[in-house]
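The primary structure of each chain is shown beneath.
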Amino acid sequence: MSTLPDPSTLDLEVEGMTCASCVRRVETALAKVPGVSQASVNLATRRAHVTLAAEGADPEALVAAIEKRGYQAHVLRDEPPVHAHGDADEDAAAGRRFLMALALTLPVFLVEMGGHLIPALHHAIQTLVDPRVLAWTEFALATAVLAGPGRAFFTRGFKALRHLGPDMNTLVALGAGSAWLYSALVTAAPALFPDEARHLYFEAAAVVATLILLGRWLEARARGRAGSAIRHLIGLRPRAAWARRGGEWTELPIDALKVGDEVRVRPGEKIPVDGAVVEGESWVDESMITGEPMPVTRRAGDPLIGGTLNTRGGLVMRATQVGADTVLAHIIRLVEQAQGSKLPIQRLVDRVTGWFVPAVMGLAVLAFLGWLLWGPSPQLTHALIAGVAVLIIACPCAMGLATPISIMVSTGRAAGLGIVFRQGDALQRLRNVRVVAFDKTGTLTLGRPALSDALPMDDLSRSALLSAVASVQSASEHPIAHALLAAAKAEGLALAPVGEFTALTGAGVRGRVEGREWLLGNESLMRERGVPLDDTISAQVRTLAAQGKTVFLAVRDGRLAGVLAVSDTLRPGARAAIDRLHALGLKTALITGDHEAAARAVAGELGIDIVHAQTLPEHKAELLRTLRREAGDLAFVGDGINDAPALATADVGIAIGQGTDVAIESADVVLMNEDLNSVARAITLSRLTLRNIGQNLFWAFAYNAALIPVAAGALYPFTGLQLSPMLGAGAMALSSVFVVVNALRLKWLPLEARHV
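All residue numbers refer to positions counted from 1 along the written sequence of the respective chain. A pLDDT threshold of at least 70 governs which residues receive local features in this predicted model, and a stricter bar of 80 or more applies before side-chain atom pairs are shown or counted, although totals over entire chains, interfaces and linings include all residues. Only heavy atoms go into the side-chain values, all of them from the structure, while hydrogens and water stay out.

With an unreviewed UniProt entry as reference, the chain is termed Heavy metal translocating P-type ATPase, source organism Castellaniella denitrificans. UniProt positions are given in the numbering used here, feature names are shortened, and annotations may be inferred rather than shown by experiment. Per UniProt, the chain carries the Sequence similarities (unreviewed entry) text "Belongs to the cation transport ATPase (P-type) (TC 3.A.3) family. Type IB subfamily."

Below you can see the structure in the form of structure tokens.
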């Protein structure tokens, strides 16, 4: 007997589930297996997620527990997905079953309903065909429908009933089976029934089964579209790659690659696995992972993500992560987990549907007995119609799909935008957020200094000043030196050789360029060296410093030649992202360890409402708790590396970064594209999803609340009409299709900032 280590989880694929009561029954069966701490089952994905206790559990026992309840199951191993044919296969099989049932049902329907609607047709049929032959023909065709494409209703339905867990299949089997059995008895032994009760309902039994099969086919097709995000991600993974083995390039299956392999990627090919560039330079389109439309430059030493597209030059890369360890495989697992998760609202739905089917069966019996005892003549006919209609119309399919199908669509759309939900319930928590707090460095800013100001003096041009200063700094490794060199390179300035270079620790540098002596450093260094600084220069330095910039002075041959400043540049789109959050009615906060001036400068430029500066990492969590008490639920956006305590403390932690392990593990939501506008998109999508779930649940419950009494005959005293079981079957099938189609709207609803 094999057990799994603690802590551990296990995923199983469950076949045969059709409604919310199935979900409840599978969860109950799994929860009773020794070693299971918690079990969650998702109807839309057909998956069971099991959390194991410390002692672990036997996977075979889990499968056996599910099969004992009448379903089939198998354990899903932690392997990189290589195909996604399940939905397509289910769609095709459901389509074949429906078409076969339709071909068998049409003659029965035309004979019965066509004859009633068109008197001439009815007269012709009665004249040309003996009624007994017609009855036995209908019997044969209806039996073929129920025993063929509709067989699963009976096998699964009565198996569920035998295990004291009736489900949707049970309702259909009892309803269609009752209509068929009554009609079969009338056909075989008409003498047992009075003349007014010798009605045949073969067309009702066949049409009910056919309409429900149609509903399942449409549902399977729609659910397949809902899962398109996973199939798209899986499709990004190439099947083969060229690797260097024994000094020669050999085409190998992707699964044969190992860490350390050198892999060649030609223009137009997908990057096969995660790695780093060894040779070459190219533009790589990473939009399929990050959602960013612009290709990025990749040269020697730069990282590569498997599944992205090499657009131009040839590359040789070294594999660093393969198989299930790649970023793409990790994202697929996260999206699958999010799609399979269960929101708190769904747990309430599951509890309701746990007793729903038995209650419906009880109502059907009461409706049958009420009509049989107190109904008009023929009592048996009215009683049969009422009982069957209640069984058929009260299917909990729509209830079971209302929540998971919306989660499936929204998390899939989010993944396509570079937003990865690690947990599905983050969708519900994100909807309640009232404050969005940001870290500064690496989140609102790029986390690297850049030249912001260059003010020349002593008859120098800006270009001449920057060229000379960058030349001196070319011998330095300081971050400010890198910023100056990057600025000079961006402006196409030529650099001159530097001589007599000296680093003045903590103060600046000096060196000789083209025969002139240059001194670069802060104001204190200049006063120490006796460089004259007037009040105007000192005021300029204070003004720039108050903006959170690092200011230094450039002196040439003892005379002040310029004032320069560097600062951490804002991330592109940061201002637009804050504006979008404000448009959603949210407050924004900045929590940073940087000094007050820099924090206030950034907050002022972006329009952030609340500022907390000089906050140590260990104090951020406590500050967030205080902010939550004052302003309500909050989300924290950080880079996921040094903000782990804050990300864990917030109601929703959002990591911005390109899929680093720390970022993914420490947050509820990961922004793969590093686009701050995705924060507002995620919140908007959360609100739209919860509203969509509310619509689905309202429809599912309102449908049953309104139509069960109608099916039982509540309108008969006023209208003289009873609801046909066929109309009930059509309404039931359409209710599930409505829920799925409504959820699919989440694929296209706009995510621009707005109150939702």
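## Overview of the pairing of strand E3 (residues 47–52)
Each residue is assigned to one of three classes by its accessible area relative to the maximum for its type, calculated with a 1.4 Å probe on protein chains only: buried under 20%, partly exposed between the two thresholds, exposed over 50%. Going along the chain from the N terminus, every DSSP run of H or I of four or more residues is numbered as a helix, and every run of E of two or more is numbered as a strand. Burial of E3 is one-sided: the residues Ala-48, Val-50 and Leu-52 facing one way are buried, the residues Arg-47, His-49 and Thr-51 facing the other way are not. As paired strands, strand E1 (residues 8–15) and E3 are joined by six bridges and run antiparallel to one another. Opposite Ser-8, over in E3, you have Leu-52 as the bridge partner. Only strands that DSSP links by at least two bridges are regarded as paired with each other. Inspection of the sheet shows strand E2 (residues 36–42) paired to E3 by six bridges, in the antiparallel sense. Paired with Ser-40 across the bridge in E3 is His-49.

## What to know about the sheet that holds strand E17 (residues 498–504)
Backbone-to-backbone hydrogen bonds pair the strands of a sheet. The strands run either parallel or antiparallel. Taken in spatial order, the six strands make up an open sheet running E16-E21-E20-E19-E18-E17, and their pairing is antiparallel. Edge positions in the sheet fall to strand E16 (445–456) and E17, since each of these pairs with one other strand and no more. Across the sheet, the axes of successive neighbouring strands diverge by a mean angle of 20°, strand direction being ignored. Bridge count between strand E18 (residues 508–513) and strand E19 (residues 516–521): six bridges; the pairing is antiparallel. If you follow Gly-508 over to E19, its bridge partner there is Gly-521. Axis definition: a line fitted to C-alpha atoms, over the contacting stretch in the case of helices. Angles run 0 to 180 degrees between N-to-C directions.

## Side note on the sheet that holds E1
Judged by pairing direction, the sheet is antiparallel, and its four strands sit side by side in the order E2-E3-E1-E4 without closing on themselves. Whereas interior strands pair on both sides, the edge strands pair on one side only; in this sheet they are E2 and strand E4 (72–76). Ignoring strand direction, the axes of neighbouring strands in this sheet form an average angle of 25°. Each of E1, E2, E3 and E4 is contacted by helix H2 (residues 59–68), which is oriented at about 155° to E4, the strand it contacts most. The contact definition used throughout considers only heavy atoms, calling two residues in contact when any of these lie within 4.5 Å.

## Quick look at the pattern of salt bridges
We define a salt bridge as a contact between a side-chain nitrogen of Lys or Arg and a carboxyl oxygen of Asp or Glu at a distance within 4 Å. Scanning the entire structure with this criterion turns up 16 salt bridges. For the salt bridge of Asp-261 with Arg-245, the shortest nitrogen-to-oxygen distance reads 2.6 Å. Of the two residues, Asp-261 sits in the loop between strand E6 (248–253) and strand E7 (262–265) while Arg-245 sits in strand E5 (residues 240–245), which places them 16 residues apart along the sequence. Asp-579 serves as the salt-bridge partner of Arg-575, at 3.3 Å between the closest nitrogen and oxygen. Here Arg-575 and its partner Asp-579 are both found in helix H22 (residues 574–583), four residues apart, which amounts to about one turn of the helix.

## Section: the packing of aromatic side chains
Each Phe, Tyr or Trp ring, with Trp reduced to its six-membered ring, pairs with another whose centre is within 6.5 Å; inter-plane angles below 30 degrees give stacked pairs, above 60 give edge-to-face pairs, and intermediate values give tilted ones. The final tally for this structure, using the stated rule, is seven aromatic pairs. Aromatic pair Phe-98 and Trp-217: ring centres 5.6 Å apart, planes at 25°, arrangement stacked. A residue pair is termed long-range when its members are at least 10 positions apart, and Phe-98 in helix H3 (residues 86–117) and Trp-217 in helix H8 (residues 202–226) qualify at 119 residues. Judged by centre distance (5.9 Å) and plane angle (70°), the ring pair of Phe-139 and Phe-202 falls under edge-to-face. Taken together, the positions of Phe-139 in helix H5 (residues 131–147) and Phe-202 in helix H8 put the pair 63 residues apart, joining distant regions of the chain. Clustering of aromatic rings is evident, with ring pairs tying together Trp-136, Phe-139, Trp-180 and Phe-202. Any Lys NZ or Arg CZ found within 6 Å of a ring centre and within 35 degrees of that ring's normal is scored as a charge over the ring. When the ring centre of Trp-242 is taken as reference, the NZ or CZ atom of Arg-264 above it lies at 5.5 Å.

## Notes on the confidence of the model for the chain
Confidence of the predictor in every single residue is expressed as pLDDT, which spans 0 to 100. Of the residues in the chain, 85% have a pLDDT of 70 or more, and the chain-wide mean is 81. For the chain, per-element mean pLDDT is lowest for helix H26 (residues 661–666), which scores 55, and highest for strand E15 (residues 435–438), which scores 94. This stretch, residues 1–6, has a pLDDT under 50; its non-local contacts, to residues over four places away or in other chains, come to 14 contacts.

## Some remarks on helix H13 (residues 379–393)
Over its 15 residues, H13 runs 21 Å from end to end, which matches the ideal 21 Å to within 8%, given 1.5 Å per residue. Taken across its 15 residues, H13 has 13 buried, putting it largely inside the fold. Expected span of a helix: the number of residues minus one, times 1.5 Å.

## Looking at the nonpolar core
Here, nonpolar core refers to any group of buried Ala, Val, Leu, Ile, Met, Phe, Trp, Tyr and Cys residues whose side-chain atoms link them within 4.5 Å. Counting residues in hydrophobic clusters, the biggest one holds 129 residues, and the most contacted among them are Met-17, Leu-30, Phe-421, Val-436, Leu-444 and Ile-654. The biggest single contributor to this core is helix H27 (residues 677–712), with twelve residues. Within the second largest apolar cluster, 24 residues are counted, among which are Leu-465, Val-472, Ala-496 and Leu-564.

## Considerations on H22
Along H22, the positions that sit buried rather than exposed are Ala-574, Ala-577, Ile-578, Arg-580 and Leu-581. Down the axis of H22, the buried set is contained in an arc of 160°. They therefore lie on one face. Looking at the buried positions of H22, the neighbouring elements they touch are E15, helix H17 (440–444), strand E22 (587–591), helix H23 (596–606) and H27. The first or second residue beyond H22 is Gly-585, which carries a positive phi of 85°. By definition, the arc is the one covered by directions from the helix axis to the C-beta atoms.

## Some remarks on the packing of helix H7 (residues 168–188) against H13
Interhelical geometry of H7 versus H13 gives an angle of 155° and a closest axis separation of 7 Å. In terms of orientation, H7 and H13 fall into the roughly antiparallel class. For the pair H7 and H13, the crossing hand works out as left-handed. Contacts from Leu-171, Val-172, Leu-174, Gly-175, Ala-176, Ser-178, Ala-179 and Tyr-182 in H7 reach Leu-380, Thr-381, Leu-384, Val-388, Leu-391 and Ile-392 in H13. For this classification, under 35 degrees means roughly parallel, over 145 means roughly antiparallel, 65 to 115 means roughly perpendicular, and everything else is oblique. Handedness of each helix crossing follows the sense of rotation of the near helix against the far helix: counterclockwise by less than a right angle gives left-handed, clockwise gives right-handed.

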